[in-house]
Amino acid sequence: MSDTTAQPEPAAPTTIRPAYANYVLGLLLVIYMLNNLDRQVINILAEPIKQELHLADWQVGIMSGISFALIYTIMAIPIARQAEYRHRPFIIATAVTVWCGFTALCAAAQSFVQLCLCRFGVGVGEAGGVPPSQSLISDYFPKSKRASAMGLFAIGVPLGGLIGMAFGGLVADAYGWRMAFLLAGAPGLVLAGLVALTMKETRADLAGRAAEVRAAQVPLMSAFALLASKRTFWFLSLAVGFKVLFTDGQAPFLASFFLRSHGTEIADLAAGFGLRPMGLLGISIGLINGVFGALGGVLGGIIADRAAARDIRNVVVAPAVALIVAAPAYIAALNVESAVAAAGFLILQSFMNVFWAGPVYATLHGVVPPNMRATATACAMFIINLMGTGLGPLVVGFLSDLFAGPLGQGPAIGLRSALTVAALASLAGVACYALARRTIVADLVEDPAGA
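A quick note: this is a predicted structure, and the numbers were derived from the prediction, not measured. (Residues numbered from 1 in each chain as written. Predicted model: local features only at pLDDT ≥ 70, side-chain atom pairs only at ≥ 80, totals over all residues. Heavy atoms only, no water.)

1. Focus on the confidence of the model for the chain
- Summarising the model, the chain shows a mean pLDDT of 84, and 92% of its residues fall at 70 or more.
- The low-confidence segment residues 1–14 (pLDDT under 50) makes 34 contacts with residues lying over four places distant or belonging to another chain. (pLDDT = per-residue confidence, 0-100. Contact = heavy atoms within 4.5 Å.)

Following this line, the structure appears as structure tokens:
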């Protein structure tokens, strides 16, 4: 295996002004929010799209899941390889422009195939978002603060979902689902410009040293071999994969669940607020996932940093406990008779939903040398998103059709059964976290820039 320590190091975190580092983290957070807004807005729009385009639940699962996740997971690795030695802010700015453009194009789709092709384009763009962003964050923040920084970055998922669900539901009620896609893609050019003009690449004299940095890059097959030898990488990737199989699998169907199981109550509640059902569901689900998911994401990172200061192995305890709490809370939400009570259980589940992000990504960056961080992120995302974002919605949609039709449960109970199976499957991640706790110490590498 080639020398994985040869790459010239980025500037040490102590040489970076904290105010600017926080600005970069804030801008990357906003971009990640837009990333998830554009990715998740389709979830609140699933039911009207299904009705207009005459789709089955399994087709909803494909358009919201595998049509995006397949190309996303494939493209993330080569883009991450570029991020190891090229200008990461430029990669991010380009990615934002691409995914926002294809999000807007979803508004013009006239068929299932056309919508899937547009989602392919969204996946190509979004593949260039997370790996270079996390690589920059690890350069800007020392190891002692990395899980907290990653946890803060990770709240882009629930906050983006909050805006996407609320915005998508309100716009769909007022102007239709097509306008929601069109407007969701609009902010991309502004953010891409801010990245290009104000975000600095931390690698000193990148242009002058490009050949040196590229020559020192770990060859792809050597990088794969190193990751293959890191048991912690596999255990953590699979743990999150099982969790995302559940959370991303249920996302396109949660609004449909409320409409099918609590339709009358939702309509009455919406009328009381002067809204229609889609608008109420978008705001409610968005607020629950966004506010409480963001709080959980920040707390998960803080807990992980403090736990790791005492014993590095404890960095995975919080996400494991979060899974143990979240799955039963979600199953309870599916089975109570009141939509309001269901929302209460969803608050608990959402609070636990993003506990994993800071601890997991900080640990993944700790088991590889600095010149492999983007690649490690992309490879983990390949596993996580293929299991979760890709297969999750398809599996839930297939099970929903199976339970509803051949097994005779009907569309409401059939969807509830499918969502229950997904929640139970997520508990396999707890065993993976327990295994990772046993291997972390052996897999960690020295981090000369992050002491």
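2. Describing the packing of aromatic side chains
- Enumeration according to the criterion identifies ten aromatic pairs in this entry.
- With centroids separated by 4.8 Å and ring planes inclined at 75°, the aromatic side chains of Phe246 and Tyr330 adopt a geometry described as edge-to-face. Highlighted residues: Phe246 in helix α13 (residues 231–250) and Tyr330 in helix α17 (residues 317–335), separated in sequence by 84 residues. Accessibility classification places Phe246 together with Tyr330 in one group, the buried group.
- An angle of 65° between the planes, with centres 5.7 Å apart, marks the rings of Phe351 and Phe355 as edge-to-face.
- Phe351 gets classed as partly exposed once you look at its relative accessible area, which sits at 22%.
- Site record: aromatic cluster; members linked through ring pairs are Tyr20, Tyr23 and Tyr140.
- One residue, Lys200, lies across the ring of Tyr20, its end atom 5.1 Å from the ring centre. (Phe/Tyr/Trp six-rings, centres within 6.5 Å; stacked < 30°, edge-to-face > 60°. Helix = DSSP H or I, 4+ residues; strand = E, 2+ residues; numbered from the N terminus. Buried < 20%, exposed > 50% of the residue type's maximum accessible area, 1.4 Å probe, protein only. Lys NZ or Arg CZ within 6 Å of the ring centre and 35° of its normal.)

3. Quick word on the side chain of Gln349
- Relative to the assigned elements, Gln349 resides in helix α18 (residues 339–352).
- Gln349 has contacts with Phe246, Thr247, Ala326, Ala329 and Tyr330, leaving out every residue within four places of it along the chain.

4. Points about the environment of Arg373
- By the element assignment, Arg373 lies in helix α20 (residues 373–404).
- Its relative accessible area of 2% is what places Arg373 among the buried residues.
- Here the alpha-carbon distance between Arg373 and Ile155, two residues 218 residues apart in the chain, equals 20 Å.

5. Points about the environment of Ala46
- Within the secondary structure layout, Ala46 lies in helix α2 (residues 46–53).
- Spatially, the C-alpha atom of Ala46 lies 21 Å from that of Ile71, the residues being 25 residues apart in sequence.
- Once residues lying within four places of it in the same chain are set aside, the contact partners of Ala46 are Val60, Met63 and Pro252.

6. Some words on a nonpolar patch on the surface
- A cluster of nonpolar side chains, namely Tyr175, Met179, Leu182 and Leu183, defines an oily patch on the protein surface of about 400 Å² accessible area.
- In terms of residue count, helix α9 (residues 177–184) provides more of the nonpolar patch than any other element does, three residues in total.
- With respect to the helices and strands, Leu183 occurs in helix α9.
- Judged by relative accessible area, Leu183 falls into the partly exposed class, the value being 39%. (Patch = residues over 30% accessible without salt bridge, like charges linked within 9 Å, V, L, I, M, F, W, Y side chains within 5 Å. Areas by Shrake-Rupley, 256 points an atom, 1.4 Å probe, with all protein chains shown as cover. Salt bridge = Lys/Arg side-chain N within 4 Å of Asp/Glu carboxyl O.)

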